Amino acid sequence: MATTQLTASSISAKGFASFEGLRSTSNLKVGSFAPLKQNSRLFRGLVVKAATVVAPKYTSLKPLGDRVLVKIKTAEEKTTGGILLPTSAQSKPQGGEVVAVGEGRTIGKTTVEVSIKNGTQVLYSRYAGTEVEFDGSKHLLVKEDDIVGILETDDIKDLQPLNDRVLIKVAEAEEQTSGGLFLSEAAKEKPSIGTVVAVGPGPLDEEGKRKALSVSAGNTVLYSKYAGNDFKGADGSDYITLRASDVIAVLP
């Protein structure tokens, strides 16, 4: 069966592409191509920034609604043994100090104030909020609901969860198979079972009142495998913070 394909001796950069010298052939050939110059200037000097930089004349920022302004902690530049870390190896901080809060939000006819006060050390969800840089420091504008909890120490086990968040100590992964074979670190399956260490006061209902969670400290629970944020405790244990809705079941 004969097929007809297009051969273009030139493609114009102005407006839509125009073709000259069309003929039947067995291959598609492009004799010449003039690069689009009309909008190429739009892509010059493209820079991706991690934070929105505010003009130097602004030295403060007032959050609105139930938003909270957090001054981000500086990433660790050394290991506990004193070894300097390259920038690529420095873990992104997930905590900081609250420096300003909004006026709160309205639920029905009730105005609920932000429960977190200035000066509080908090942890927030990994991908939450908007980073802004002003007065020489990086900050995060984040909704109160994206604040995981209050942490006044350097150990995650001391976290006080907020709202519907739950802190769980993850069960240790099995080190060997049922047949006695030892597993490498890569082969150990991430556990989705753990013990509840602390729970938040619960979410707000339509009247602005707290609704107690269905799990409590000491419960052994099964939770969604890829939910929450992972943390390493001072003793080397693994912890995870997640919403109570990500807890699937309580194990006897």
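Within each chain, residue numbers correspond to sequence positions counted from 1 in written order. Selection of residues for local features in this predicted model requires a pLDDT of at least 70, selection of side-chain atom pairs for listing and counting requires 80 or more, and totals for whole chains, interfaces and linings are taken over all residues. Calculation of side-chain values draws on the structure's entire complement of heavy atoms; hydrogens and water are dropped beforehand.

Under the annotation held in an unreviewed UniProt entry, the chain carries the name 20 kDa chaperonin, chloroplastic and is attributed to Anisodus tanguticus. UniProt positions are given in the numbering used here, feature names are shortened, and annotations may be inferred rather than shown by experiment. Heading Sequence similarities (unreviewed entry) of the UniProt record for the chain holds this comment: "Belongs to the GroES chaperonin family."

A. Structural view of the overall build of the chain. Comment: elements are numbered from the N terminus, with helices defined as DSSP H or I runs of at least four residues and strands as E runs of at least two. Looking only at helices and strands, one finds 0 helices and 16 strands in the chain. A total of 252 residues make up the chain; the buried ones form 31% of that total. Residue exposure ignores everything except the shown protein chains as possible cover, and the areas themselves are Shrake-Rupley values with a 1.4 Å probe. As displayed, the chain offers around 16800 Å² of accessible surface, 53% of which is attributable to carbon and sulfur atoms. Only protein chains enter the area calculation, which uses a 1.4 Å probe; residues under 20% of their type maximum are buried, those over 50% are exposed, and those in between are partly exposed.

B. Fine view of the nonpolar core. The set of buried Ala, Val, Leu, Ile, Met, Phe, Trp, Tyr and Cys residues whose side-chain atoms join them within 4.5 Å is what this entry labels a nonpolar core. Formed by 15 residues in total, the largest nonpolar core has its most connected members in Val68, Val70, Val98, Ile116, Val122, Val142 and Ile147. Those elements that provide at least two residues to this core are β2 (67–72), β3 (95–101), β6 (121–124), β8 (137–143) and β9 (147–150). It is β2 that contributes the most residues to this core, 3 residues altogether. Whether two residues are in contact is decided by their heavy atoms: any pair within 4.5 Å suffices. The residues contacting Val98, other than those within four sequence positions of it, are Val68, Leu69, Val70, Ile116, Lys117, Asn118, Gly119, Thr120 and Val122. Of all hydrophobic cores here, the second largest spans 13 residues; its members include Ile168, Leu213, Val221 and Val247.

C. Examining the sheet that holds strand β1 (residues 52–53) more closely. One bridge is not enough; two strands pair if DSSP finds at least two bridges between them. Read across the open sheet, the 8 strands follow the order β1-β7-β8-β2-β3-β6-β9-β10; overall the sheet is mixed. Strands at the two margins of the open sheet, each flanked by one partner only, are β1 and β10 (160–161). One ladder, built from 5 bridges, connects β2 with β3; its direction is antiparallel. Each bridged residue has a counterpart across the sheet, and for Ile72 the counterpart in β3 is Gly96.

D. Summary view of the pairing of strand β14 (residues 229–232). Burial of the side chains of β14 is restricted to one face: Asn229 and Phe231 are buried, whereas none of Asp230 and Lys232 on the reverse face is. Hairpin connection, β14 to strand β15 (residues 238–243): the antiparallel pair is bridged by 5 residues, and Gly236 has positive phi, about 90°.

E. Focus on the sheet that holds strand β11 (residues 165–170). Ordered by their spatial adjacency, 6 strands build an open sheet running β14-β15-β11-β12-β13-β16, and the pairing between neighbours is antiparallel. Edge strands, defined here as strands with exactly one partner in the open sheet, are β14 and β16 (247–251). Adjacent strand axes in the sheet meet at a mean angle of 40°, parallel and antiparallel pairs treated alike. Pairing of strand β12 (residues 193–199) with strand β13 (residues 220–223) involves 3 bridges; the strand directions are antiparallel. What sits directly across from Gly194, in β13, is Val221. For every element, the axis is a line fit to its C-alpha atoms; helices are fit only across the contacting stretch, and the angle between N-to-C directions ranges from 0 to 180 degrees.

F. Representation of the side chain of Asp164 within the structure. Within the element layout of this structure, Asp164 appears in the loop between β10 and β11. In this structure the side chain of Asp164 is engaged in a polar contact, spanning 2.9 Å, whose partner is the side chain of Arg243. Dropping the residues within four chain positions of it, Asp164 is found in contact with Gly202, Pro203, Leu213, Leu242, Arg243 and Ala244. Side-chain atoms alone can form a polar contact between residues adjacent in sequence; in general such a contact is a pair of N or O atoms within 3.5 Å, and within protein one must be able to donate a hydrogen while the other accepts it.

G. Fine view of the pattern of salt bridges. One speaks of a salt bridge when a side-chain nitrogen belonging to Lys or Arg is within 4 Å of a carboxyl oxygen belonging to Asp or Glu. Scanning the model with the defined rule gives 6 salt bridges in all. In this structure, the salt-bridge partner of Arg243 is Asp164, at a minimum N-O distance of 2.9 Å. Residue Arg243 is located in strand β15, and its partner Asp164 is located in the loop between β10 and β11; the two are separated by 79 residues in the primary sequence. Asp238 is the partner of Lys232 in a salt bridge, and the nearest nitrogen-oxygen pair spans 2.7 Å. You can call Asp238 partly exposed: its relative accessible area is 37%. Each of Asp145, Asp164, Arg165 and Arg243 takes part in one network of salt bridges that share partners.

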